[in-house]
Amino acid sequence: MPELAAAAAQLLTDPTDGRGANVEPTAEGFMRYFGRCFVRFFSNLGYDAPIRATGRYFCEFLKNVDNLHLQMRFAYPKMKSPSMYMSHVDRHGCVLVYRSTRRGFTQYFMGQLDQIAEEVYDTNLRIRVLQSENTTTAAVSSHLSAAATAAAAAAGLQNVLVKYRLDFDNSAYMDQHAAVHTFDRSLQLPSIPIGLLLRLFPFGVVIDQDIRIMDAGEKLLSVWGASTADEVRGHLLVQHLVLRRPRDIPFTWTNLMYLASVTFELEVLRGTHATMPEKKLSSTKGEKKSVSPLPATLDRRGSYGSRSILLKGQMRHFKEIDVVVFLCSPVVNNLDELQAMSLFMNDLNLHGLSRELVLAGWQHCSRLELMFERAEQWSQDLEDNYEQLDKWKRKGDSLLYSMLPRSVADQLQNEQSTMNTCKAFNLISVMFCEVEGLRPQATIKGVMDVVECMNTVFSCFDSLTDRFNVYKVETVNQVYMAVSGAPEYTREHARNVTDLSLEFAENIRDLQFPCNIQIQIKIGIHSGPVVAGVVGMKVPRYCLFGDTVNTASRMQTTSQPGKIHISIKTKRLLPQNMYKLTSRGLVTVKGKGKMETFWVERKPRSPQAEKRHSV
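Residues numbered from 1 in each chain as written. Predicted model: local features only at pLDDT ≥ 70, side-chain atom pairs only at ≥ 80, totals over all residues. Heavy atoms only, no water.

**Remarks on the overall build of the protein chain**
Okay, so step 1: Of the regular secondary structure elements, the protein chain holds 20 helices and 18 strands.
Okay, so step 2: Residues classed as buried in the protein chain amount to 43% of the 615 residues present.
Okay, so step 3: For the protein chain, long-range pairs separated by at least 24 residues make up 66% of all intrachain contacts whose partners lie at least 6 apart in sequence. (Helix = DSSP H or I, 4+ residues; strand = E, 2+ residues; numbered from the N terminus. Buried < 20%, exposed > 50% of the residue type's maximum accessible area, 1.4 Å probe, protein only. Contact = heavy atoms within 4.5 Å.)

If you want it as structure tokens, here you go:
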């Protein structure tokens, strides 16, 4: 999308320039425009209704947008939603902190906020960026202990952090907020012990500013295997609970303050699991074999096998004693899941609907989350399979392109007939190169030496063809055939084939062969018209047809070891003063009569040119 915005800025006028002010278009302006368009798009489909339901004021929408993303993840499994919270609120707007794993969407997000404020809340909004940086695990968690830092790193921190200043009329929200606080201050109640609160929430836990446990409810202590709170008091919270929602947020006091209105989900590490959080729970007979194991961050075993307990609730800050209390309840679907968690009905809160939900067997959010998490894993497996498929396809294409020219292979892959690949070329150059010195051998070792020699020679030749824009047609016994000018036409076909032949002649002298076998080559070249294409269905080959092929073959058979024999037609196509050409006179060629032919050699270089060539 940023690339599309950059291209649009070069070709189009500014989309927000409605008054003809001739504003210079920019990529940032188009990204912001894309954000506005996206809000208009989903509003047409009715998805603006959840936004309107989040709160009466635009500020309330910003407070609850993370909870909205939490619910939308079920409908959009691929959605990597950002995280955002307000670090400051006043009558003239707020400061919004935006965090995301995707870069380049700063302006896009600003456009979305513009359109939501205008269309949904009838609010004029002005946005400016106060700070933008790429965050790292070390930078965010440097003030934490080693265990807390490791836990934050395991959670996977965001990559982009942007602070926005949003200016808008926020007086209505602030008036309501002030009225609520005035009412709270006027109502003075006597202090109550924290133990009473933990009896109401037996799975609750009290946290201090160092994210250490100060106290915990009796049911949570029982799950941990602790008889009293003294056994866990002072421990880091991450040693006993794993943050699952909101995702990609480090477990810090500052984040708990900012995310007071967001629903938290914590997974309990019970018993020995608390000391070995990385250990995976063993599967049971009830678990489906076809389902691949989930990552440690997702695997709660849902409705299958033994599972840990998931607590859902609010992180409530009590400023009078400056602590945070996690007011929560366990998420349970049915009686089977209750027993698998080693819990009983008596462990569930009386003031909630948990008992009724369990007895009725209603499908709670946990079941939906399990299905979503498994679908996530299946999606990841599918992506991995597609990646493997693409890898093997590239290997198959590489093998196919080594057998056929790329343009011809693409035609056949598009289910075109082999006859459609046949094409007439008015003028191309064909080369035949025969390897001499490989005599028939009587022993298996001797035959293997011959095969090794031919492989060495032809592999060397193959490595040189691409450098000179020459296509290898085939090898028949000890003859190597190549062409330039087909299937991709080039005007320098004669020069390409000649340069390749000279390279063959020079490289063959440097090759080492077993058993001191002495190998020489004879090369013949001719230029003229041909018809080229693929014929047949099985073992397809790109073949050349025409008298030019026969004449080139005759040039090779009438050549001499170590020499390059060319016809007069090829000689006329070569650049002047580039090669040393020696006339051979009239040569009797089978089927052609007498023909004037030439030997071609590399022109002697000056000492300076020789030095350049060697370098």
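After presenting the structure, the write-up continues.
**Remarks on the pattern of salt bridges**
Okay, so step 1: Enumeration according to the criterion identifies 21 salt bridges in this entry.
Okay, so step 2: Put simply, R126 and D167 hold a salt bridge, and the shortest N to O gap is 3.4 Å. Residue R126 is found in strand β3 (residues 126-134), and its partner D167 is found in strand β4 (residues 160-167); the two are separated by 41 residues along the sequence.
Okay, so step 3: Taking the relative accessible area as the measure of exposure, R126 reaches 58% and is therefore exposed.
Okay, so step 4: Notably, a salt bridge pairs E506 with R602, separated by 2.7 Å at the nearest N-O pair. One end of the pair, E506, is in helix α17 (residues 493-507); the other, R602, is in strand β18 (residues 593-602), and 96 residues separate them in sequence.
Okay, so step 5: Among the ionic contacts, a cluster of salt bridges with common partners joins D90, R126, R128, R165 and D167. (Salt bridge = Lys/Arg side-chain N within 4 Å of Asp/Glu carboxyl O.)

**A short note on the packing of aromatic side chains**
Okay, so step 1: In total, this model carries 19 aromatic pairs according to the counting rule given.
Okay, so step 2: Taking the centre distance of 6.1 Å and the plane angle of 40 degrees together, the rings of F61 and Y121 count as tilted. Separated by 60 residues along the polypeptide, F61 in helix α4 (residues 58-75) and Y121 in the loop between α5 (106-119) and β3 bring together distant segments of the chain.
Okay, so step 3: Plain terms: the ring middles of F458 and F461 are 6.4 Å apart, the flat faces sit at 50 degrees to each other, and that makes the pair tilted. (Phe/Tyr/Trp six-rings, centres within 6.5 Å; stacked < 30°, edge-to-face > 60°.)

**Considerations on the nonpolar core**
Okay, so step 1: In terms of nonpolar packing, the biggest core is built from 38 residues, with F58, F61, L62, L113 and L166 touching the most fellow members.
Okay, so step 2: The next biggest cluster of nonpolar side chains, apart from the first, holds 34 residues, and it includes V205, I213, V262 and F264. (Core = buried A, V, L, I, M, F, W, Y, C linked by side-chain atoms within 4.5 Å.)

**Some words on the environment of K563**
Okay, so step 1: Tracing the backbone through its elements, the reader meets K563 in the loop between α18 (547-557) and β16 (564-567).
Okay, so step 2: Spatially, the C-alpha atom of K563 lies 7.5 Å from that of I521, the residues being 42 residues apart in sequence.
Okay, so step 3: In contact with K563, not counting residues within four places along its chain, are I521, K522, I523 and W599.

**Description of the pairing of strand β6 (residues 213-216)**
Okay, so step 1: Of the pairings in the sheet, the one linking strand β5 (residues 205-207) to β6 comprises three bridges and is antiparallel in character. Opposite V205, over in β6, you have A216 as the bridge partner.
Okay, so step 2: Once β5 ends, the chain turns through five residues before running back antiparallel as β6, passing I211 with a positive phi of about 55 degrees. (Pairing = 2+ DSSP bridges.)

**Quick look at helix α1 (residues 2-11)**
Okay, so step 1: Taken as a whole, α1 has its buried residues at A5, A8 and A9. Here the buried residues of α1 occupy an arc of 100 degrees about the axis, which is enough to place them on one side. Along α1, the residues that are exposed and aim more than 90 degrees away from the buried face are E3, L4, Q10 and L11.
Okay, so step 2: The secondary structure elements touched by the buried residues of α1 are α2 (27-44). (Arc of directions from axis to C-beta.)

**Describing the side chain of D167**
Okay, so step 1: Its relative accessible area of 17% is what places D167 among the buried residues.
Okay, so step 2: In this structure the side chain of D167 is engaged in a polar contact, spanning 2.8 Å, whose partner is the side chain of R128.
Okay, so step 3: For D167, the residues in contact, after removing those within four places along its chain, are H92, G93, N124, L125, R126 and R128. (Polar contact = N/O pair within 3.5 Å; in protein donor to acceptor, adjacent residues only side chain to side chain.)

**A short note on the state of the cysteines**
Okay, so step 1: Within the structure shown, the criterion is met by zero disulfides.
Okay, so step 2: Free cysteine C94: the closest other cysteine sulfur is in C59, separated by 5.2 Å.
Okay, so step 3: For C94, a relative accessible area of 0% corresponds to the buried category.
Okay, so step 4: You can see C422 has no disulfide; the closest cysteine sulfur is in C543, sitting 8.9 Å from it.
Okay, so step 5: On the basis of relative accessible area, C422 is assigned to the partly exposed category, the value being 26%. (Disulfide = S-S within 2.5 Å.)

**Quick look at the packing of α1 against α2**
Okay, so step 1: Closest axis-to-axis distance for the α1/α2 pair is 8 Å, and the angle between their directions is 120 degrees. Taken together, the axes of α1 and α2 lie oblique to each other. α1 and α2 meet at a crossing whose hand is right-handed. Each of P2, L4, A5, A6, A8 and A9 in α1 lies in contact with α2, whose residues at this interface are A27, F30, M31 and F34. (Axes fitted to C-alpha atoms, helices over the stretch in contact; angles between N-to-C directions. Parallel < 35°, antiparallel > 145°, perpendicular 65-115°, else oblique. Left-handed = near helix turned anticlockwise from the far one by under 90°.)

**Some points on the sheet that holds strand β1 (residues 83-90)**
Okay, so step 1: Pairing within the open sheet is antiparallel, and its four strands lie in the order β1-β2-β4-β3. This sheet does not close on itself; its edge strands, each paired only once, are β1 and β3. Strand-to-strand twist across the sheet, computed as the mean angle between neighbouring axes with direction ignored, equals 20 degrees.
Okay, so step 2: In terms of strand pairing, β3 meets β4 through eight bridges, oriented antiparallel. For V129, the partnering residue across the bridge sits in β4 and is Y164.

**A short note on the sheet that holds strand β9 (residues 310-318)**
Okay, so step 1: Here we have six strands laid out as an open sheet, ordered β6-β5-β10-β9-β8-β7, and antiparallel in their pairing. Unpaired on one side and paired on the other, β6 and β7 (241-245) mark the two borders of the sheet. When strand polarity is set aside, the average angle formed by the axes of neighbouring strands in this sheet is 35 degrees.

**A few points about the environment of F168**
Okay, so step 1: Mapped onto the elements, F168 comes out in the loop between β4 and α8 (171-186).
Okay, so step 2: On the basis of relative accessibility, which here comes to 7%, the residue F168 falls in the buried class.
Okay, so step 3: The sequence separation of F168 and A117 amounts to 51 residues, and the corresponding C-alpha distance is 9.1 Å.
Okay, so step 4: Every residue in contact with F168, bar those within four places of it in the chain, is listed here: F58, R91, H92, G93, C94, T123, N124 and L125.

**Let's talk about the confidence of the model for the protein chain**
Okay, so step 1: Of the residues in the protein chain, 77% have a pLDDT of 70 or more, and the chain-wide mean is 77.
Okay, so step 2: When mean pLDDT is compared element by element in the protein chain, β16 scores highest at 92, while helix α20 (residues 607-614) scores lowest at 41.
Okay, so step 3: Note that pLDDT drops below 50 for residues 137-158; the model gives that stretch 33 contacts with residues more than four away or on any other chain.
Okay, so step 4: Scored below 50 in pLDDT, residues 272-306 makes 55 contacts in the model with residues more than four places away or belonging to other chains. (pLDDT = per-residue confidence, 0-100.)

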